[in-house]
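Read off the chains here:
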Amino acid sequence: MMDSKLVFMAILGLSLLMSSCNLKNSDTQTPNWEGAYSFGESMPSMENKQDTWRWQYVLKVNSAPESSQSYTVELDINGHKTELSLDCIGMANADSLQIIFQDYPPDAEQIQYNKGDLLLTLYKKDGKVLTYWRGLQPNVEENLVQGKAYFNHQ
């Protein structure tokens, strides 16, 4: 009788442990980041207050064939005195995507980033994409707030 209680308790403990492990694995699954994300900002011109300076940031995120946690990322920034296209990689974990600079296109003139520079980190939370600026900074100072939803998934 005592042996059957021990066996039952061992099986119950093992099944609770296994279900706990399954819950942890499903909670920490890496979200899919594929798609396009955009963010626009503007401010009155410093030269002529009747004009507006605008910038549009577009992230194109595609799965990298070698890993479910890495992505190829094209970052385009266009607007006032700005036309920039950057080749990046995206490294994902359970809740974030780090955008890491890789290279400029062959015809690029601006050299402000080095290979491996962390440009920004995105987090998915409550249906929003939160931004943490790193090496890349917005043009409008008020948009430098960390952890705010700037980029929208299209």
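Here, the structure is the one placed above.
K.L.:
Please clarify how the sheet that holds strand 9 (residues 152-153) should be interpreted in this entry.
P.N.:
With antiparallel pairing, nine strands are arranged side by side in an open sheet as 8-7-6-5-4-3-2-1-9. The open sheet is flanked by strand 8 (148-149) and strand 9, the only strands paired with a single partner. Note that strand 4 (residues 82-92) and strand 5 (residues 96-103) share six bridges and pair antiparallel. Counterpart to Met91 in the pairing with strand 5 is Gln98.

K.L.:
Could you clarify how one ought to interpret the packing of aromatic side chains in this entry?
P.N.:
The geometry of an aromatic ring pair comes down to the distance between the two centres and the angle between the two planes. Applying the stated criterion across every chain yields a total of twelve aromatic pairs. On the numbers, 5.9 Å between centres and 45 degrees between planes, the contact of Phe101 with Tyr113 is tilted. On the criterion of sequence distance, the pair formed by Phe101 in strand 5 and Tyr113 in the loop between strand 5 and strand 6 (118-125) is long-range, its members being twelve residues apart. One exposure class covers both Phe101 and Tyr113, and it is buried. Ring geometry for Trp133 and Phe151: centres 6.2 Å apart, planes at 50 degrees, overall tilted. You can see Trp133 sitting in strand 7 (residues 128-133) and its partner Phe151 sitting in the loop between strand 8 and strand 9, a full 18 residues away along the chain. Both residues of the pair, Trp133 and Phe151, belong to the buried class. Grouped by ring-pair contacts, the aromatic residues Phe39, Tyr57, Trp133, Tyr150 and Phe151 constitute a single cluster.

Reading the values: rules and limits
- Residues numbered from 1 in each chain as written.
- Predicted model: local features only at pLDDT ≥ 70, side-chain atom pairs only at ≥ 80, totals over all residues.
- Heavy atoms only, no water.
- Pairing = 2+ DSSP bridges.
- Helix = DSSP H or I, 4+ residues; strand = E, 2+ residues; numbered from the N terminus.
- Phe/Tyr/Trp six-rings, centres within 6.5 Å; stacked < 30°, edge-to-face > 60°.
- Buried < 20%, exposed > 50% of the residue type's maximum accessible area, 1.4 Å probe, protein only.

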